[in-house]
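# Commentary on secondary and tertiary structure
Read off the chains here:
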Amino acid sequence: MGNNSKQWEKLEEAIVSCRQCPRLVDWRTEVALKKRRAYLDWDYWGKPVPGFGDYQARVLVVGLAPGAHGANRTGRMFTGDGSGDFLYPALHQAGFANQSQAVQRGDGLELKDMFISSVCRCVPPGNKPNSAEISNCLPYLEKEIDLLRRLRVIVALGRLAFDQTLRLYRQWTGERLRYDFAHDVKYSLGDGLPWLVASYHPSRQNTQTGRLTEEMFAMVWDEVRELLDGDPL
Ligand code: SF4
């Protein structure tokens with residue numbers, strides 16, 4: 001098992017200090033200064049958010065972007081907002097997280113066999129990065145995939161994560177890979193390449209309207225477990 005922790009360190013430093021997208025640099029800073037009333041005593045992170053988890057992971061989870069008062073406040077993926085409050089209990093139940101709570105960095109949360117990342121590392125206005133911002137940021141995800149040497153399953157949370165993950169693999173393989181996004185579907189990305197599993201995003205908008213229920217979400221992690229169990233590696 002290679003020790004590539006230096007490369008991870010370099011990548012995380014590059015992400016956290018990135019200022020390539022002027023609109024998002026302004027927005028992440030503005031949100032961090034204005035704050036939400038409930039978090040006035042917080043010193044917001046207000047920077048790009050690096051991926052988080054197990055460097056030896058076989059499972060990569062890809063989200064959209066940091067939440068304004070979640071990861072943009074706490075500096076860790078899906079930490080401190082409604083999406084994380086739905087995600088981490090499910091991961092805990094499925095055995096990928098040692099606890100169901102994600103409050104802040106240093107709260108003891110550890111991921112096992114899983115790494116969590118996103119397409120865009122800075123919070124975008126209205127949760128909508130533009131295409132130039134996505135293109136600017138995608139090389140970070142590309143690098144993470146490259147460093148995750150044991151990767152077997154990618155779980156895309158939401159359509160944008162699904163489309164952008166496919167875009168990367170289309171570039172790498174030269175294959176058309178025209179797959180449709182739907183909840184709890186799985187696709188092979190090619191021989192010897194990871195599976196791609198699609199899930200609705202655990203945003204409040206989806207979980208509070210019943211579009212994504214706990215049962216539906218649990219099915220996704222069961223699917224991932226089955227794929228890992230069937231993995232000869
Ligand atoms: S969105 Fe990505 S590329 Fe753009 S400034 Fe943030 S970290 Fe850099």
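The notes below deal with the structure included here. Computed from a predicted model, the values in this text were never measured in an experiment. Numbering of residues starts from 1 in every chain and runs along the sequence as written. Restriction of local features to residues with pLDDT of at least 70 applies here, the model being predicted, together with a cutoff of 80 or more for giving and counting side-chain atom pairs; totals for whole chains, interfaces and linings are based on all residues. Side-chain metrics rest on all non-hydrogen atoms present in the structure, leaving aside hydrogens and water.

## Overview of the overall build of the protein chain
Our working definition: In this description a helix means any DSSP run of H or I spanning at least four residues, a strand means any run of E spanning at least two, and both kinds are numbered starting from the N terminus. Our radius of gyration looks at C-alpha atoms and nothing else; its globule reference is 2.2 Å times the residue count to the power 0.38. A simple rule labels every residue: compare its accessible area, found with a 1.4 Å probe on the protein chains alone, to the largest value its type can have, and call it buried under 20%, exposed over 50%, or partly exposed in between. We get accessible surface area from the Shrake-Rupley algorithm with a probe of 1.4 Å; when it comes to residues, only the shown protein chains can shield them.
Counting its secondary structure elements, the protein chain contains eight helices and six strands. In summary, the protein chain has a C-alpha radius of gyration of 17 Å against a globular reference of 17 Å for 233 residues, a match within 12%. Sorting the 233 residues of the protein chain into buried and exposed places 52% on the buried side. Working note: accessible area of the protein chain is about 11,500 Å², and carbon and sulfur atoms make up 47% of it.

## Let's talk about the environment of L109
Put simply, the rule is: Contact between two residues is taken to exist if any of their heavy atoms lie within 4.5 Å; hydrogens are not considered.
Its location among the elements puts L109 in the loop between α4 (82-93) and β3 (114-118). What makes L109 buried here is its relative accessible area of 6%. Put simply, L109 and G53 are 56 residues apart on the chain and 9.2 Å apart in space, counted from C-alpha to C-alpha. If we skip the residues at most four places from it in the chain, L109 touches F52, R76, Y88, A97, N98, Q99, Q101 and A102.

## Topic: unusual backbone geometry
Only a minority of non-glycine residues have a phi that is not negative, and only a minority of peptide bonds are not trans. Despite not being glycine, K35 has its phi angle at roughly 65 degrees, a positive value. Non-glycine residue L177 carries a positive phi angle of around 45 degrees. Relative to the assigned elements, L177 resides in the loop between α6 (159-173) and β5 (185-188).

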